[in-house]
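Remarks on the overall topology
One-letter residues, chain by chain:
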Amino acid sequence: MPTSPAPINLIQFKITCNDDDKDWIDEYDTKINSNKFLVVIASHGFTQPVYTVTAPWITPMPDIFAYSSNGTWKLRADYVGFSTDDALPKGVWTLNLLVFDRAYAKEFNSVQTVNTTGIGAAPAPLIQ
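Attention here is on the structure that accompanies the text.

Conventions and cut-offs
Residues numbered from 1 in each chain as written. Predicted model: local features only at pLDDT ≥ 70, side-chain atom pairs only at ≥ 80, totals over all residues. Heavy atoms only, no water. Helix = DSSP H or I, 4+ residues; strand = E, 2+ residues; numbered from the N terminus. Buried < 20%, exposed > 50% of the residue type's maximum accessible area, 1.4 Å probe, protein only. Contact = heavy atoms within 4.5 Å. Areas by Shrake-Rupley, 256 points an atom, 1.4 Å probe, with all protein chains shown as cover. Phe/Tyr/Trp six-rings, centres within 6.5 Å; stacked < 30°, edge-to-face > 60°.

So, about the overall build of the protein. Counting secondary structure elements, the protein contains zero helices and eight strands. Order of helices (α) and strands (β) in the protein, N terminus to C terminus: β-β-β-β-β-β-β-β. A burial count over the protein gives 30% of its 128 residues as buried. Across the protein, contacts joining residues at least 24 apart in sequence account for 74% of those joining residues at least 6 apart. Put simply, the protein shows about 8500 Å² of open surface, and 55% of that area lies on carbon and sulfur atoms.

Enumeration according to the criterion identifies five aromatic pairs in this entry. Ring centres 5.8 Å apart and planes at 55° place the aromatic pair Phe46 and Tyr79 in the tilted group. Taken together, the residues span a long stretch of sequence, with Phe46 in strand E3 (residues 37-46) and Tyr79 in the loop between strand E5 (72-78) and strand E6 (92-101) at a distance of 33 residues. With relative accessibility at 13%, the residue Tyr79 sits in the buried group. One aromatic cluster in this structure is built from Phe46, Tyr79 and Trp93.

Below you can see the structure in the form of structure tokens.
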């Protein structure tokens, strides 16, 4: 039986939103040590349809990210500017995280830019 953690793990979180904010998670603490591990959101899902009353032809894009704060990884997820139907129950986000042991992966401190075809540059953390 191995005595050390695997270099990469897949961990799934299912997070139920609260009554007031049926479609977003403000700050969810994963309790994953950010000094020992790197976290990347591999995939996501949301249980409720989202809509807007001002422009129904717009496809909502989720704003989902993981960030380090106070030594642990936190999660945030939202459909900014959109909401769920009040008649439906609270939404549940499913977030699948890739968790890399820092002994096997390196996070570069410098921000690399990616050409986003005329709409500006997007920061992208690199993992080696």
